[in-house]
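One letter stands for each residue in the lines below.
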Number of protein chains: 10
Amino acid sequence: MLFQVEMTVKLPPEMPAEQAAEIKAREKEYAQELQRAGKWRHLWRVAGSYANVSIFDVEDNAELQEVVAGLPLFSYMAISVTPLCRHPSSIREGDS
Amino acid sequence: MLFQVEMTVKLPPEMPAEQAAEIKAREKEYAQELQRAGKWRHLWRVAGSYANVSIFDVEDNAELQEVVAGLPLFSYMAISVTPLCRHPSSIREGDS
Amino acid sequence: MLFQVEMTVKLPPEMPAEQAAEIKAREKEYAQELQRAGKWRHLWRVAGSYANVSIFDVEDNAELQEVVAGLPLFSYMAISVTPLCRHPSSIREGDS
Amino acid sequence: MLFQVEMTVKLPPEMPAEQAAEIKAREKEYAQELQRAGKWRHLWRVAGSYANVSIFDVEDNAELQEVVAGLPLFSYMAISVTPLCRHPSSIREGDS
Amino acid sequence: MLFQVEMTVKLPPEMPAEQAAEIKAREKEYAQELQRAGKWRHLWRVAGSYANVSIFDVEDNAELQEVVAGLPLFSYMAISVTPLCRHPSSIREGDS
Amino acid sequence: MLFQVEMTVKLPPEMPAEQAAEIKAREKEYAQELQRAGKWRHLWRVAGSYANVSIFDVEDNAELQEVVAGLPLFSYMAISVTPLCRHPSSIREGDS
Amino acid sequence: MLFQVEMTVKLPPEMPAEQAAEIKAREKEYAQELQRAGKWRHLWRVAGSYANVSIFDVEDNAELQEVVAGLPLFSYMAISVTPLCRHPSSIREGDS
Amino acid sequence: MLFQVEMTVKLPPEMPAEQAAEIKAREKEYAQELQRAGKWRHLWRVAGSYANVSIFDVEDNAELQEVVAGLPLFSYMAISVTPLCRHPSSIREGDS
Amino acid sequence: MLFQVEMTVKLPPEMPAEQAAEIKAREKEYAQELQRAGKWRHLWRVAGSYANVSIFDVEDNAELQEVVAGLPLFSYMAISVTPLCRHPSSIREGDS
Amino acid sequence: MLFQVEMTVKLPPEMPAEQAAEIKAREKEYAQELQRAGKWRHLWRVAGSYANVSIFDVEDNAELQEVVAGLPLFSYMAISVTPLCRHPSSIREGDS
């Protein structure tokens, strides 16, 4: 089941550089692990911002919550969630 | 070059049913043609709405304009455009 | 799988009274049928408005789309969808 | 008398982890006590967020204020309140 | 039980003058009847607008819905509802 | 001359508890003094929030400014002001 | 007593040109009469729009309502009202 | 050339009282100097707020920037700028 | 003197095609005439929309009003105006 | 390929003056270097604010991201991006 998730990162300016680097490293590892597991299907940078557009493929709402709330940057992001489904005009098999 | 395009359709209630059906049929044909041409890379329905989330893959901003302004439903939609690029944490080759 | 759906009805003032009555009657029948089928789990009026707060229990996003887009009043409503899941502090068995 | 209450938690990033854990523990205990007392009728997590959708069943506005303002996380949440009543199309006895 | 209700009237410009006058006359009669019954406790014009701020005193949310939805101008107004209760600093007996 | 004033209190979480208690005590005293003087005509808590709806009865805009800017919590509140006047449908003598 | 009033005109595109011209002529006459009477103290066009910024000098809120609701274009405008008073740093005698 | 400028002051609560007093004193001096020079034509307090409505009379956009960015409180204010010009219905010579 | 003007066109769906074509032709002619006169310095399409971003170079606010209000599509557009001036970091002579 | 980028700077009030000066100096140098390289085609101050309107000319979305995210003030700015393309009514060769 697919969800579009938009995340905008807002780190507090006073966060020490090492702490920021450490969280970002964990975020990257987490994101790649979920991509390899097929849960995080697409991940794009929004050009000109510290934000991304993502497509998640999860079992249900509960798994979406688990996956998103587990993001190392979770408490530093504004997050919006949009449930998706197959579009009647889509011809792409994988987009279901 | 990738763009996220979000479209929400708002047909005027007084539009005759046949006219609506005719525009929608042209919209579907147009959308499928662009998908086959590789320009409209993803097309999802937003669940619970008359809206979609799309990913376009075009040469440049000018082609995006050409493709979006050519939508048969163009003047009946609220449209928002987000330029995308590769995310440093993405592991998916196709998402560039 | 649960979704909160908030619907606000906006009938055009020029709609003839009989047509409005007919759509509303179909809406009521549809809503009751879905309640009996267990898909529309809760339905409350927002006090002081022509709006409701609803909880749907569906298989997945696709079924949510099917059920919501089938509402006779669908094209006359502003609709917002919120995916829900079990809250770790909930003690109510039925709210999963 | 029913109210829909939506709560979004925003803990300051500089709050020490133990303090956060202690407030959350008190919040959980409080929420479960009110659920057992029948005042907090439903409690769902909004998937992909640190937020919930709740249905309260209270005597009147004054009790709603008492119950909500007593939340241990009260001063760390954005809260919106919507008064509900029975919907004429509802078939569920308990939703009055 | 008290509610603040804010109403902004938006009559369609094409409504014939007699029809507008007739609805407004019924609205006035309805408002005065509810004031005499003690249900519509305060009614003020917002200066410089076609809007009002009102305080209703009703049994519960259901009666608020009944009273507000019964307004002759109901479908021509934007309405917002705020549940009120006694303020701990209030010294006015009547404002409970 | 009447004004509706809505105030939402937002104390910084890092304010020491004694300081908060002291400001609130002064606010209460100030509010009650103005009520006794007939300047602060109504004061209600917005249920489920740290906010109030108030009706002030002052000589003119300048006195409103004096009274509101003198609130001990003034710099910790979001405040909105709406000028009111007698509604043509009002039957209540006192609401002028 | 001074109020800033901002007005944005929105005539329906289907209004016949003569009717529009007639309302605008009455609006102009009304505006100039109020200026001569000292009630409409300043009137500026917002550059690049069909809108104005005005300063009214009236007895009280009730007179503001009377003057603004009497505008021939009243039902075709979005209007926002801001109560003003003397600024402690002002050196201009007339701006009280 | 005239501009309407609305300024809302937001001093951080943790700013020491003497520092706040010193900035406000400089702001007042600056405002009065510009009024005497004819650049700051009107200055009103928005009743019930820490905000003002001002009319500036400057040579061009560049001078507006110079004058506004030079405000001692500049970095503590939300500022909106609206370019004005003579209104065709204005009868006041000075408002050009 | 420079202004950024953003225009979004919203033609009513019921406007006959010939009328729309005629207004657009006049708009184009007007836009090109102003460009040749040096008043409309830049004109770009916003990709994926019926909107543009423009830079006007005019004598003052009054000329901006004259030029913008003269647009054949003026009453069918949402328009926002931003006054610009030279940026201290600009190295481009022409951008003053 | 052109993009309009609007940037609003928001430095935290507690940032030491030297640190602010140092970041601004680097920002200026970076901006001028990009202007000389032809990437940052226009740069204007928004009059009366700490904001700018810019036009970037980059290869693609990825280069826009690289250039914008490299701004020394990047994490202290609110940034909005609008993709542009040639307008059919433009007569200026350089604006493609």
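Computed from a prediction, not measured in an experiment: that's the story for all the values here.

(A) Broad picture of the interface of chain B and chain A. Across the boundary between the two partners, chain B contributes 30 residues, which contact 30 residues of chain A. Summing the contributions of chain B and of chain A, the shared interface buries around 2800 Å²; its carbon and sulfur component is 59%. The interface formed by chain B and chain A contains zero salt bridges. At the boundary of chain B and chain A, one finds 15 residue pairs in polar contact (both at pLDDT 80 or more). Of all elements in the fold, only β1 (2–9), α1 (17–36), β2 (40–46), β3 (51–57) and β4 (77–86) of chain B reach the threshold of two or more residues within the side of chain B that touches chain A. Per-element tally for the side of chain B that touches chain A: the top contributor is β2(B), with six residues. Grouping the constituent residues of the side of chain B that touches chain A by class yields 13 nonpolar, nine polar and eight charged.

(B) Molecular detail of the relation of the copies chain B and chain I. Once chain B is rotated about the relating axis by 72° and shifted along it by 0.0 Å, it coincides with chain I to within an RMSD of 0.0 Å. Both copies are brought into coincidence by an operation consistent with a five-fold rotation axis.

(C) Local environment of the interface of chain B and chain I. Taken together, the 10 residues of chain B in the interface contact eight residues of chain I. Each partner contributes to the roughly 600 Å² buried at the junction of chain B and chain I, and carbon and sulfur atoms together form 59% of this total. Interface area lost by chain B to chain I is led by B:Gln65, B:Phe74 and B:Tyr76, which between them contribute 53%. Summed over the shared surface of chain B and chain I, the number is zero salt bridges. Applying the counting criterion to the chain B and chain I interface returns two residue pairs in polar contact (both at pLDDT 80 or more). Listed by contribution, the elements that provide at least two residues to the side of chain B that touches chain I are α2 (61–69) and β4 of chain B.

(D) Representation of the pattern of salt bridges in the model. Scanning the entire structure with this criterion turns up 42 salt bridges over all chains. Note that C:Glu63 and C:Lys39 form a salt bridge whose closest N and O atoms lie 2.7 Å from each other. Of this pair, C:Glu63 sits in helix α2 (residues 61–69) while C:Lys39 sits in the loop between α1 (17–36) and β2 (40–46), and the two are 24 residues apart along the sequence. Judged by relative accessible area, which is 21%, C:Lys39 ranks as partly exposed. Salt bridges here are not isolated pairs; linked through shared partners, they connect E:Arg41, E:Asp57, E:Arg92 and E:Asp95.

(E) Structural view of the relation of the copies chain B and chain A. Placing chain B over chain A gives an RMSD of 0.0 Å and needs a rotation angle of 180°, together with 0.0 Å of translation along the axis. This pairing of chains is accounted for by a two-fold axis. Taken as a fraction of all interface residues of chain B, those also at the interface in chain A reach 100%, which identifies the copy contact as same-surface.

(F) Representation of the sheet that holds strand β1 (residues 2–9) of chain I. Ordered in space as β1(I)-β3(I)-β2(I)-β4(J)-β1(J)-β3(J)-β2(J)-β4(I), the eight strands form a closed barrel in which the pairing is antiparallel. For this sheet, the mean inter-axis angle between neighbouring strands, taken without regard to orientation, is 35°. Two strands pair when backbone bridges link them, and β1(I) and strand β4 (residues 77–86) of chain I are joined in this way by seven bridges, in the antiparallel orientation. Bridging from a neighbouring strand, I:Met7 pairs with I:Ile79 of β4(I). The strands that α2(B) touches are β2 (40–46) of chain I together with β1 (2–9) and β4 (77–86) of chain J; relative to β4(J), the one it contacts most, it runs at about 75°. Running at roughly 25° to β1(J), helix α2 (residues 61–69) of chain J makes contact with β1, β3 (51–57) and β4 of chain J of the sheet.

(G) How the structure looks around a negative patch on the surface. Judged by side-chain charge, A:Glu14, D:Glu14, F:Glu14, H:Glu14 and J:Glu14 come together as a negatively charged surface patch. Summarising the element assignment, J:Glu14 is placed in the loop between β1 and α1 (17–36). The class for J:Glu14 is exposed, based on a relative accessible area of 57%.

(H) Geometry of the arrangement of the chains. When C-alpha atoms are compared, chain A and chain G, though not in contact, are closest at a spacing of 30 Å. Nothing in chain B touches chain G; the tightest C-alpha to C-alpha distance between them is still 16 Å.

(I) Looking closely at the nonpolar core. D:Leu64 and E:Leu64 are the most contacted members of the largest nonpolar core, which has 52 residues in total. In contact with D:Leu64, other than residues within four places in its own chain, are D:Phe3, D:Val5, D:Phe56, D:Val58, D:Val81 and F:Ala47.

(J) Broad picture of the state of the cysteines. Overall, the coordinates contain zero disulfides over all chains when judged by the stated rule. The thiol of F:Cys85 is unpaired, and the distance to the nearest cysteine sulfur, on G:Cys85, comes to 19 Å. Accessibility expressed as a relative area gives 7% for F:Cys85, which makes it buried.

(K) Main features of the sheet that holds strand β2 (residues 40–46) of chain D. Pairing is antiparallel around the closed barrel formed by eight strands, whose spatial order is β1(C)-β3(C)-β2(C)-β4(D)-β1(D)-β3(D)-β2(D)-β4(C). Averaged over all neighbouring strand pairs, the angle between strand axes comes to 35°, with direction disregarded. Inspection of the sheet shows β2(C) paired to strand β3 (residues 51–57) of chain C by five bridges, in the antiparallel sense. For C:Trp44, the partnering residue across the bridge sits in β3(C) and is C:Val53. Contacts from helix α1 (residues 17–36) of chain D reach β2 and β4 (77–86) of chain D, with the element oriented near 140° to β2(D).

(L) Geometry of the pairing of β2(C). With seven of seven residues buried, β2(C) lies mostly within the body of the structure. Between β2(C) and β3(C), which pair antiparallel one after the other, the connecting turn spans four residues, and C:Gly48 there sits at a positive phi close to 85°. Pairing of β2(C) with β4(D) involves three bridges; the strand directions are antiparallel. Each residue of the ladder has a partner; that of C:Val46, found in β4(D), is D:Leu84.

(M) Region of the structure containing the packing of aromatic side chains. Residue and element names in this part refer to chain D. This structure, assessed with the given rule, holds 10 aromatic pairs over all chains. For the pair Trp40 and Phe56, a centre-to-centre distance of 4.6 Å together with 35° between the ring planes defines the contact as tilted. Here Trp40, found in strand β2, pairs with Phe56, found in strand β3 (residues 51–57); they are 16 residues apart in sequence, far enough to count as distant. Note on Phe56: relative accessible area 0%, which makes it buried.

(N) Structural detail: the environment of E:Asn61. Within the secondary structure, E:Asn61 is located in helix α2 (residues 61–69). The buried category is assigned to E:Asn61, whose relative accessible area is 0%. Between the C-alpha atom of E:Asn61 and that of E:Pro83, which follows or precedes it by 22 residues, the distance is 9.2 Å. Setting aside residues up to four positions removed in sequence, E:Asn61 forms contacts with C:Ala47, D:Met1, D:Leu2, D:Phe3, D:Pro83, D:Leu84, D:Cys85, E:Met1 and E:Phe3. Here the side chain of E:Asn61 touches D:Leu2 through a polar contact of 2.9 Å, landing on its backbone oxygen. From its side chain, E:Asn61 meets the backbone oxygen of D:Leu84 in a polar contact 3.0 Å long.

(O) Broad picture of the side chain of E:Ser90. Among the secondary structure elements, E:Ser90 is positioned in the segment after β4 (77–86). Excluding its chain neighbours within four sequence positions, the residues that come into contact with E:Ser90 are E:Asp95, F:Gln35 and F:Leu43.

(P) Summary view of the environment of H:Gly38. Residues and elements named next belong to chain H. Here Gly38 is to be found in the loop between α1 (17–36) and β2 (40–46). Assessed through its relative accessible area of 33%, Gly38 is described here as partly exposed. The sequence separation of Gly38 and Pro12 amounts to 26 residues, and the corresponding C-alpha distance is 31 Å.

(Q) Here's a closer look at the environment of G:Gln4. Mapped onto the secondary structure, G:Gln4 falls in strand β1 (residues 2–9). For G:Gln4 and G:Pro72, which are 68 residues apart along the polypeptide, the C-alpha to C-alpha distance reads 19 Å. For G:Gln4, the contacting residues outside a window of four places in its chain are G:Val53, G:Ser54, G:Ile55, G:Ser80, G:Val81, G:Thr82, G:Leu84, H:Gln4, H:Glu6 and H:Val53. Looking at G:Gln4, its side chain comes within polar contact range of the side chain of H:Gln4, at 2.6 Å.

(R) Expanded view of the side chain of J:Gln4. Its relative accessible area of 0% is what places J:Gln4 among the buried residues. In terms of polar contacts, J:Gln4 uses its side chain to reach the side chain of I:Glu6, at 3.1 Å. Those residues in contact with J:Gln4, other than ones at most four positions away along the chain, are I:Gln4, I:Glu6, I:Val53, J:Val53, J:Ser54, J:Ile55, J:Ser80, J:Val81, J:Thr82 and J:Leu84.

Reading the values: the criteria
- Within every chain, residues take consecutive numbers counted from 1 along the sequence as written.
- Starting at A for chains and at 1 for ligands, labels are handed out in the order in which the entities are written.
- Only residues with pLDDT of at least 70 get local features here, since the model is predicted, and only at 80 or more are side-chain atom pairs given and counted; chain-wide, interface and lining totals rely on the full set of residues.
- As a rule here, side-chain values come from all non-hydrogen atoms in the structure, and water together with hydrogens is ignored.
- The contact criterion used throughout is that any non-hydrogen atoms of two residues lie within 4.5 Å.
- The term buried area means the drop in 1.4 Å probe accessible area that two parts suffer when joined, counted for both and summed.
- Here a salt bridge means any side-chain nitrogen of Lys or Arg lying within 4 Å of a carboxyl oxygen belonging to Asp or Glu.
- Pairs of N or O atoms within 3.5 Å make up the polar contacts considered here, provided that, within protein, one atom can donate a hydrogen while the other can accept it, and that residues adjacent in sequence are counted only when both atoms are side-chain atoms.
- Numbering goes from the N terminus for both helices and strands, where a helix is a DSSP run of H or I of at least four residues and a strand is a run of E of at least two.
- Gly is placed with the polar residues, together with every amino acid not listed as nonpolar (Ala, Val, Leu, Ile, Met, Phe, Trp, Tyr, Cys and Pro) or charged (Asp, Glu, Lys and Arg).
- Only residues with pLDDT of at least 70 in both copies count here: their C-alpha atoms drive the least-squares fit that superposes the copies.
- For each residue, the accessible area found with a 1.4 Å probe, counting protein chains only, is set against the maximum for its type, and the residue is called buried under 20%, exposed over 50%, and partly exposed in between.
- Between any two strands, pairing holds if DSSP finds at least two bridges.
- Every axis corresponds to a line fitted to the C-alpha atoms, with the helix fit spanning only the stretch in contact, and the corresponding angles, defined between N-to-C directions, vary from 0 to 180 degrees.
- Within this analysis, patches are made of residues with over 30% relative accessible area and no salt bridge. Like charges are joined at 9 Å or less; nonpolar side chains (Val, Leu, Ile, Met, Phe, Trp, Tyr) at 5 Å or less.
- In this description, accessible areas are obtained by the Shrake-Rupley approach with a 1.4 Å probe, and a residue is regarded as covered only by the protein chains that are shown.
- Positive residues here are Lys and Arg, negative ones are Asp and Glu, while His and the chain termini are left out of the count.
- By convention, the charge on Lys lies at NZ, on Arg at CZ, on Asp at CG and on Glu at CD.
- Nonpolar cores were defined as sets of buried Ala, Val, Leu, Ile, Met, Phe, Trp, Tyr and Cys residues, with membership established by side-chain atoms within 4.5 Å.
- Disulfides are defined as pairs of cysteine sulfur atoms found within 2.5 Å of each other.
- Stacked, edge-to-face and tilted labels apply to pairs of Phe, Tyr and Trp rings (six-membered ring for Trp) whose centres lie within 6.5 Å, assigned for plane angles under 30 degrees, over 60, and everything in between, in that order.

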